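# A look at the structure
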Amino acid sequence: MAETPLATPEVEDVEDVQSAVAPPWMTILHNCDCHTFEQVVRQLIKAIACSEEKGWEIAWQVHNTGKAVVKVGPETECVRVGNVLASIGLVVTVVQS
């Protein structure tokens, strides 16, 4: 008995709209004169698990330019970071980029 080769199934390219990647979100920290640099740095370390040195860099950027993007990622993570920063009264916005 002769073996018959297996047929290769036809594959149709279908775009799956459900799995399309949504644009990332951003957590933005805004300048305010109501917190010390130390408070801001401490909160940044809690919120984004950065080093103290990176916290100081971000705090100075916020102070000098008025704001800084501190997190880019999924909405839930950006909201979490925003909530940690806002818990001491820091001014933050979370927006879709």
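Just so we're clear, the structure is a prediction, and the values are computed from it rather than from any experiment. (Residues numbered from 1 in each chain as written. Predicted model: local features only at pLDDT ≥ 70, side-chain atom pairs only at ≥ 80, totals over all residues. Heavy atoms only, no water.)

## Topic: the pattern of salt bridges
Enumeration over the complete set of coordinates arrives at 2 salt bridges. Between Lys54 and Glu57 there is a salt bridge, with the nearest N and O atoms lying 3.8 Å from each other. Of this pair, Lys54 and Glu57 are both found in helix α2 (residues 52–65), 3 residues apart, which corresponds to roughly one turn of the helix. Where Glu77 meets Arg80, a salt bridge forms, and the shortest distance between an N and an O atom there is 2.9 Å. (Salt bridge = Lys/Arg side-chain N within 4 Å of Asp/Glu carboxyl O. Helix = DSSP H or I, 4+ residues; strand = E, 2+ residues; numbered from the N terminus.)

## Observations concerning the sheet that holds strand β1 (residues 25–30)
Across the sheet, which stays open at both edges, the 3 strands sit in the order β2-β1-β3 with antiparallel pairing between neighbours. Looking at the sheet topology across the chains shown, the edges are occupied by β2 (67–73) and β3 (91–96). Direction aside, the axes of adjacent strands within the sheet are offset by 25° on average. Judged from the 6 bridges that link them, β1 and β2 form a sheet pairing that is antiparallel. Paired with Leu29 across the strands is Ala68, a residue of β2. Of the strands in this sheet, β1 and β2 touch α2, which is tilted by about 130° from β2. (Pairing = 2+ DSSP bridges. Axes fitted to C-alpha atoms, helices over the stretch in contact; angles between N-to-C directions. Contact = heavy atoms within 4.5 Å.)

## Topic: helix α3 (residues 75–86)
For α3, spanning 12 residues, the distance from its first C-alpha to its last is 16 Å, which sits close to the expected 16 Å at 1.5 Å a residue. Of all the residues in α3, the buried ones are Cys78, Val81, Gly82 and Leu85. Taken down its axis, α3 places every buried residue within 100° of arc, on the same side. Away from the buried face of α3 by more than 90 degrees, exposed residues Thr76 and Asn83 are located. (Expected span 1.5 Å × (residues − 1). Buried < 20%, exposed > 50% of the residue type's maximum accessible area, 1.4 Å probe, protein only. Arc of directions from axis to C-beta.)

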